[in-house]
Amino acid sequence: MTNLLHIAASPRTERSASREVAQHFITSYMDTNPEATVHTIDLWQTALPEFDEHAMAAKYAGLSGTPLSASQQAAWDGLRTLASHLHQADIVVLSVPLWNFGIPYKLKQLIDLVTQKDILFTFDHNGFNGMLANKQAVVVYARGLDYGADSATPSSRFDLQKPYMEMWLNFIGITDTHSIVVEKTLFGNEIDHAARHAAATQAAQLGQQLRR
């Protein structure tokens, strides 16, 4: 049985392009694989913990091999529980709007919380090793502007969204990734609708084709 994890990073529900397109993928995949399960983490409805003094102390205690105190252990256990959703997933679906040319702070908070040694990666004298090998990721990127090479905001200079997500996924061991981009959503209803439709079609086709 395949487990899908959907991490929704947009606070919008009715008009979110990233959520809308991601849902097309999920629906299509579920139609083709009815035995699959879906778990959704809505980052705007989830109480993410702070990476506070106890979590920071636990991090450095772990790096130095020092036993954790009770408060440190509790903080670290909370991070492990949060990361367990990623470990349990076979396919990670992320719906990611572009904010200030990067990603929403809630998604960055989640990444900062769970990207820890012996939680999502290990390292030794040979370098870093991601712990989420043999998984797949589908990432829907939503942008209001045009990021083509000839635009006023070419991706080579202004896109800190997709490269960051791809780097992070690769770092934690997910190298089999599929990207769907929907952009120009601020260019009026006609262009917005066409962009969403094209991305939704791509997502639905991917949902039919993707296999575990």
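Residues numbered from 1 in each chain as written. Predicted model: local features only at pLDDT ≥ 70, side-chain atom pairs only at ≥ 80, totals over all residues. Heavy atoms only, no water.

## So, the UniProt feature "domain: Flavodoxin-like fold" (unreviewed entry) in the protein chain
Reasoning step 1: The UniProt record annotates "domain: Flavodoxin-like fold" (unreviewed entry) at residues 3–205.
Reasoning step 2: Taken end to end, residues 3–205 is 43% helix and 20% strand, and its two terminal C-alpha atoms sit 19 Å from one another. (UniProt positions renumbered as here; feature names shortened; annotations may be inferred. Helix = DSSP H or I, 4+ residues; strand = E, 2+ residues; numbered from the N terminus.)

## Comments concerning the UniProt feature "binding site: FMN" (unreviewed entry) in the protein chain
Reasoning step 1: The feature "binding site: FMN" (unreviewed entry), as annotated in UniProt, sits at Ser-10, Ser-16, Ala-17 and Ser-18 in this numbering.
Reasoning step 2: Mapped onto the fold, Ser-10 is located in the loop between strand E1 (3–8) and helix H1 (17–32).
Reasoning step 3: Here Ser-10 falls in the buried class, since its relative accessible area comes to 3%.
Reasoning step 4: Those residues within four positions of Ser-10 in sequence are excluded, and the remaining contacts are Ser-16, Ser-18, Arg-19, Trp-44, Ser-95 and Pro-97.
Reasoning step 5: Side-chain polar atoms of Ser-10 contact the side chain of Ser-16, separated by 3.4 Å. (Buried < 20%, exposed > 50% of the residue type's maximum accessible area, 1.4 Å probe, protein only. Contact = heavy atoms within 4.5 Å. Polar contact = N/O pair within 3.5 Å; in protein donor to acceptor, adjacent residues only side chain to side chain.)

## Quick notes on the packing of H1 against helix H7 (residues 189–209)
Reasoning step 1: Where H1 meets H7, the axes come as close as 7 Å, and the angle between the chain directions of the two elements is 30°. Taken as axis vectors, H1 and H7 run roughly parallel relative to one another. Crossing geometry of H1 relative to H7 is assigned as right-handed. Listed contacts from H7 to Ala-17, Glu-20, Val-21, His-24, Phe-25, Ser-28, Tyr-29 and Thr-32 of H1 are Arg-196, Ala-199, Ala-200, Ala-203, Ala-204, Leu-206, Gly-207 and Gln-208. (Axes fitted to C-alpha atoms, helices over the stretch in contact; angles between N-to-C directions. Parallel < 35°, antiparallel > 145°, perpendicular 65-115°, else oblique. Left-handed = near helix turned anticlockwise from the far one by under 90°.)

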